[in-house]
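Analysis of the macromolecular model
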Amino acid sequence: MGVRFIFEGFMANYDFNGKVALVTGACGGIGKATAAQLLANGASVVLADINAQALEKCRLDLGSLGRSTCITYDAAKPEDADRAIETCSTVFGGLDFLIPAAGIYRDMPIADMSDDQWRETIGVNLDGIFYICRRAIPVLRSGGAVVNITSIAAHMGGSMGHGHYGAAKGGVLTFTRSLARELGPNIRANAVSPGVIETAMVQDMVDVRGAEILKQTPLQRFGQAHEIASVVAFLCSDASGFITGEAIHVNGGFYMGG
Ligand SMILES: NC(=O)c1ccc[n+]([C@@H]2O[C@H](COP(=O)([O-])OP(=O)(O)OC[C@H]3O[C@@H](n4cnc5c(N)ncnc54)[C@H](O)[C@@H]3O)[C@@H](O)[C@H]2O)c1
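Residues numbered from 1 in each chain as written. Predicted model: local features only at pLDDT ≥ 70, side-chain atom pairs only at ≥ 80, totals over all residues. Heavy atoms only, no water.

It is worth spelling out the overall build of the protein chain at this point. Check the secondary structure of the protein chain and you find 9 helices and 7 strands. On C-alpha atoms alone, the protein chain measures out to a radius of gyration of 17 Å, which is about the 18 Å that the 2.2 N^0.38 rule sets for 258 residues. Taken along the three principal axes of its C-alpha coordinates, the protein chain extends 45 × 40 × 35 Å. Taking the contacts inside the protein chain whose residues are at least 6 apart along the sequence as the reference set, 73% of them involve residues at least 24 apart. In the form shown here, the protein chain has an accessible surface area of approximately 11700 Å², with 54% of it arising from carbon and sulfur atoms. (Helix = DSSP H or I, 4+ residues; strand = E, 2+ residues; numbered from the N terminus. Rg over C-alpha atoms; globule rule 2.2 N^0.38 Å. Contact = heavy atoms within 4.5 Å. Areas by Shrake-Rupley, 256 points an atom, 1.4 Å probe, with all protein chains shown as cover.)

In structure tokens, the structure reads:
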């Protein structure tokens, strides 16, 4: 299973030898594919996720690709962001690439949303980005990059059925632009805005709305996690050296077509 996972996707080719990356949500579809991509290109990777059991499996699955360590981490807790950044320095001696991919997605109309439900999603998906990015700033080395994972929900004309998620991802988009302004000239900050990518997060949504979404998607399929990972790797690499403050859409044309 591990080996199948690792090699079933396209692997972009970059030289990340000597580089250190922190990937949060590392056990999820996109986080794990991103960690695999960075490891396969020579980076050392700190894998951070709230799911301790899945972390151990993730580290074993990725073990043959390169040097990694894992840390249990809740994106909504500032003290966990402190520990995650500290781990990069103590285990691997620094930080070059930050990819906060931890996230939650709950479908519910705003009319039914409790204050706690609102806060939970904003806490993980938006506060979590601030906590980890702010703490990474003094540690990120020159030439480094932040790649935030936002969503097509940040761009579409109104996120129906998940207003808290859309608000958080819209916040991540504009926060990334502010970060890019403040981190230049030696560190870049960009975002990737996935459309529907086949991971556990959107399984229920795909079951309900999948056919309707495909009708509006020129490429007539959903995305795969490695198709986000390869764009993240591009945005970490020197190949994107003059790109900062941007969000790259990866959605098979759904955004344009919708
Ligand atoms: N899959 C999609 O279609 C899609 C579309 C747009 C954006 N995204 C974004 O991509 C990112 C990755 O999503 P995915 O599709 O891989 O989802 P996923 O559910 O497969 O992975 C999410 C990971 O985040 C972890 N996580 C959840 N809460 C956490 C917390 N509080 N602290 C730390 N880790 C936590 C989970 O344990 C899981 O490993 C998310 O930010 C998501 O919003 C996904």
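Okay, the nonpolar core next. Across soluble globular proteins, you tend to see nonpolar side chains buried next to one another. Among the nonpolar cores identified, the biggest contains 34 residues, and Leu38, Val45, Ile99 and Val192 are the most heavily contacted of them. If you list the elements that add at least two residues to this core, you get strand E1 (20-24), helix H2 (29-40), strand E2 (44-49), helix H3 (52-62), strand E4 (95-100), strand E5 (140-149) and helix H8 (225-236). The greatest single-element share of this core, amounting to 8 residues, is contributed by H8. Not counting chain neighbours up to four residues away, the residues in contact with Ile99 comprise Ala21, Leu22, Val23, Thr24, Thr34, Leu38, Val147, Ile149, Val232 and Cys236. Leu22, Ala84, Leu183 and Ala189 belong to the second-largest nonpolar core, a separate cluster that totals 30 residues. (Core = buried A, V, L, I, M, F, W, Y, C linked by side-chain atoms within 4.5 Å. Buried < 20%, exposed > 50% of the residue type's maximum accessible area, 1.4 Å probe, protein only.)

Turning next to the sheet that holds strand E7 (residues 247-250). Taken in spatial order, the 7 strands make up an open sheet running E3-E2-E1-E4-E5-E6-E7, and their pairing is parallel. Two strands close off the open sheet at either side, each with one partner strand: strand E3 (68-72) and E7. The average undirected angle you get between the axes of adjacent strands in this sheet is 15°. As defined by bridge partners, E2 adjoins E3 across 5 bridges and the pair is classed as parallel. Bridged to Val46 within E3 is Thr69. On top of the sheet, helix H4 (residues 78-92) reaches E1, E2, E3 and E4; it is set at about 160° to E3, its chief contact. Of the strands in this sheet, E1, E4 and E5 touch helix H5 (residues 115-136), which is tilted by about 175° from E4. (Pairing = 2+ DSSP bridges. Axes fitted to C-alpha atoms, helices over the stretch in contact; angles between N-to-C directions.)

To continue, consider the packing of aromatic side chains. Within this structure, the stated rule accounts for 5 aromatic pairs. Considering the side-chain rings of Phe130 and Phe175, the 6.4 Å spacing of their centres and the 80° angle between planes classify their relative orientation as edge-to-face. Note that Phe130 is positioned in helix H5 and Phe175 in helix H6 (residues 163-183), a separation of 45 residues in sequence. A relative accessible area of 22% means that Phe175 is categorised as partly exposed. Each member of the aromatic cluster is reached from another via a ring pair, and the members are Tyr14, Phe16 and Phe97. (Phe/Tyr/Trp six-rings, centres within 6.5 Å; stacked < 30°, edge-to-face > 60°.)

A few words now on the packing of H2 against H3. Between two packed helices, what matters for the description is the angle formed by their axes and the separation of those axes. Interhelical geometry of H2 versus H3 gives an angle of 35° and a closest axis separation of 11 Å. Here H2 and H3 pass one another in a crossing that is right-handed. Taking contact as the criterion, the partners of Lys32, Ala35, Ala36 and Leu39 in H2 are, on H3, Lys57, Cys58, Asp61 and Leu62. Grouping the amino acids of the contact of H2 with H3 by side-chain chemistry returns 5 nonpolar, no polar and 3 charged. (Left-handed = near helix turned anticlockwise from the far one by under 90°. Nonpolar A, V, L, I, M, F, W, Y, C, P; charged D, E, K, R; others polar.)

Before going further, it helps to examine the layout of surface pockets. Rolled over the atoms, a probe sized like a water molecule indicates the empty space that remains. Of the volumes computed, that of the second largest pocket is approximately 150 Å³. Looking at the second largest pocket, it is lined by 14 residues, and the ones nearest its centre are Arg221, Phe222, Gly223, Asn251 and Gly252. Classifying every residue of the lining of the second largest pocket gives 7 nonpolar, 5 polar and 2 charged. (1 Å grid on protein atoms, 1.4 Å probe; cavity = no way out; pocket = protein on both sides within 12 Å on 5 of 7 lines; lining within 4 Å. Points joined across faces, edges and corners; volume = space filled by probe spheres on them.)

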